[in-house]
Amino acid sequence: ELKVEQNPLFLSMQEGKNYTIYCNYSTTSDRLYWYRQDPGKSLESLFVLLSNGAVKQEGRLMASLDTKARLSTLHITAAVHDLSATYFCAVDSSGGSNYKLTFGKGTLLTVNP
Amino acid sequence: NAGVTQTPKFRVLKTGQSMTLLCAQDMNHEYMYWYRQDPGMGLRLIHYSVGEGTTAKGEVPDGYNVSRLKKQNFLLGLESAAPSQTSVYFCASSYVPELEVDTQYFGPGTRLTVL
């Protein structure tokens, strides 16, 4: 059974600081997804990482994937208040057929002025 | 395009009542999913479908049934609601065969309370 673990689960940051969220998973997979959820809202896709060494960047967020270590990171650079949200990683557990994702429990990020 | 829509947005049920949640997508996606989200638990897959007329069990299927009679619709049924089914339910869809890269697109959610 695939297990996906995120840490930390809660993260309180000051504006302007850098930090990293980690996503570990227990079985082989080449596809990993990051989503963002604002309070009371739906999930929004941030990144799709398809292979070992993949790196994607959007604004102050950068995601990377190391399939050998079964680890993905979401790095936040110079945090701003608008980044406050819950971030989920999800791993393709359908063997590459892209029809089944297993989600981590999420990291609640709060960026303080 | 409306994307993924869910009906209703809120619902309160009494224990033992039944209801159906409707999910519709207009993106011609092959795959559709129902998740539940509970505090501290992330999203857990209830049932999913890889095409019209097909359904399969996810991680937490007990107490729920689904149907996918039309490609654009995916229905989630609760035959006899229990307080443990109080949750936020999200529908999602994905996959167009012509696209190599895809992700799941989520609906706005249905907040269900069972008393």
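Up top you'll find the structure we're talking about.
Numbers given to residues run from 1 along each chain, matching the order in which its sequence is written. Chains and ligands are labelled by the order in which they are written, letters from A for the one and numbers from 1 for the other. Residue-level local features of this predicted model are given only where pLDDT is at least 70; pairs of side-chain atoms are given and counted only at 80 or more, and the full residue set underlies all totals for whole chains, interfaces and linings. Heavy atoms from the whole structure form the basis of all side-chain values; hydrogens and water molecules are not counted.

K.L.:
Tell me about the overall build of chain B, and name the residues and values.
P.N.:
What counts as a helix is a DSSP run of H or I of at least four residues, what counts as a strand is a run of E of at least two, and both are numbered from the N terminus. Looking only at helices and strands, chain B has zero helices and 11 strands in total. Taken from N to C terminus, the helices and strands of chain B fall in the order β-β-β-β-β-β-β-β-β-β-β. Its C-alpha atoms give chain B principal-axis dimensions of about 45 × 30 × 25 Å. Relative to its full complement of 115 residues, chain B shows a buried share of 49%. We call two residues contacting when some pair of their heavy atoms lies within 4.5 Å. A separation of at least 24 residues holds for 55% of the contacts in chain B among residues at least 6 apart in sequence. Counting 10 positive and 10 negative side-chain charges, chain B places the averaged centre of each group 12 Å from the other. Relative accessibility under 20% of the residue-type maximum defines a buried residue, over 50% an exposed one, and the middle range a partly exposed one, all with a 1.4 Å probe and only protein chains included. Lys and Arg are tallied as positive, Asp and Glu as negative. Neither His nor the chain termini are counted. Charge positions come from single atoms, namely NZ of Lys, CZ of Arg, CG of Asp or CD of Glu.

K.L.:
Outline the sheet that holds strand 8 (residues 73–78) of chain B, listing residues and values.
P.N.:
Residues and elements named next belong to chain B. The rule for pairing is simple: two strands pair if DSSP sees at least two bridges between them. Here four strands make up an open sheet; going across it, the order is 1-3-8-7 and the pairing antiparallel. What marks the edges here is a single partner per strand, and that holds for strand 1 (4–7) and strand 7 (65–67). The sheet shows a mean angle of 20° between the axes of neighbouring strands, taken without regard to direction. Judged from the six bridges that link them, strand 3 (residues 19–25) and strand 8 form a sheet pairing that is antiparallel. The partner of Leu 21 across the bridge, within strand 8, is Leu 76. Only C-alpha atoms enter the line fits that serve as axes; for helices the fit covers just the stretch in contact. Angles between N-to-C directions range over 0 to 180 degrees.

K.L.:
Let's hear about the interface of chain A and chain B: which residues, and what values?
P.N.:
Counting residues at the interface gives 19 residues for chain A, matched by 21 residues for chain B. A carboxyl oxygen of Asp or Glu within 4 Å of a side-chain nitrogen of Lys or Arg is what we treat as a salt bridge. At the junction of chain A and chain B, the tally comes to zero salt bridges. Of all the elements in the fold, those that place two or more residues in the side of chain A that touches chain B are strand 4 (32–37), strand 5 (43–49) and strand 10 (101–103) of chain A. Class assignment for the residues of the side of chain A that touches chain B results in nine nonpolar, six polar and four charged. Under the grouping applied here, Gly and all other residues not named as nonpolar or charged are polar, the nonpolar ones being Ala, Val, Leu, Ile, Met, Phe, Trp, Tyr, Cys and Pro and the charged ones Asp, Glu, Lys and Arg.

K.L.:
Residues and numbers for the sheet that holds strand 3 (residues 19–25) of chain A, please.
P.N.:
Strands in a sheet are paired, the pairing made by backbone hydrogen bonds, and the direction either parallel or antiparallel. Residue and element names in this part refer to chain A. Spatial strand order, 1-3-8-7-6: five strands in an open sheet with antiparallel pairing. The sheet terminates laterally at strand 1 (4–7) and strand 6 (55–58), the two strands that pair on one side only. Going across the sheet, the axis of each strand differs from the next one's by a mean of 15°, ignoring polarity. Of the pairings in the sheet, the one linking strand 6 to strand 7 (residues 61–66) comprises four bridges and is antiparallel in character. Bridge pairing links Val 55 to Ser 64 in strand 7.

K.L.:
Mind laying out the pattern of salt bridges, listing which residues take part and the relevant values?
P.N.:
According to the stated counting rule, one finds four salt bridges over all chains in the structure shown. Linked through salt bridges whose partners overlap, the residues forming this network are Arg 36, Asp 38 and Arg 44 of chain B.

K.L.:
Give a detailed account of the pairing of strand 5 (residues 42–49) of chain B, specifying residues and quantitative values.
P.N.:
The two faces of a sheet get side chains in turn, since along a regular strand they alternate between them. Residues and elements named next belong to chain B. Counting buried positions over the eight residues of strand 5 gives eight, a clear majority of the element. Here seven bridges tie strand 4 (residues 31–38) to strand 5, and the two strands are oriented antiparallel to one another. Following the sheet pairing, Tyr 35 is matched in strand 5 by Leu 45. Between the end of strand 4 and the start of strand 5, which pair antiparallel, lie three residues, with Gly 40 showing a positive phi angle near 75°. In this structure, strand 5 lies alongside strand 6 (residues 56–57), joined through two bridges in antiparallel fashion. Pairing of His 47 across the sheet is with Lys 57, part of strand 6. Where strand 5 folds back on strand 6, the antiparallel hairpin that results is connected by six residues, among which Gly 53 adopts a positive phi of roughly 85°.

K.L.:
Explain unusual backbone geometry to me, and be specific about the residues and the numbers.
P.N.:
The omega angle of the peptide bond from Asn 7 of chain A to Pro 8 of chain A is 0°, so this bond is cis rather than trans. By secondary structure assignment, the location of Pro 8 of chain A is in the loop between strand 1 and strand 2 (10–14). Looking along the chain, the bond that leaves Thr 7 of chain B and enters Pro 8 of chain B is cis, with omega of -5°. Along the chain, Pro 8 of chain B turns up in the loop between strand 1 and strand 2 (10–13). In this structure, Arg 70 of chain A takes a positive phi of about 55° despite not being glycine. Along the chain, Arg 70 of chain A falls in the loop between strand 7 and strand 8 (71–76).

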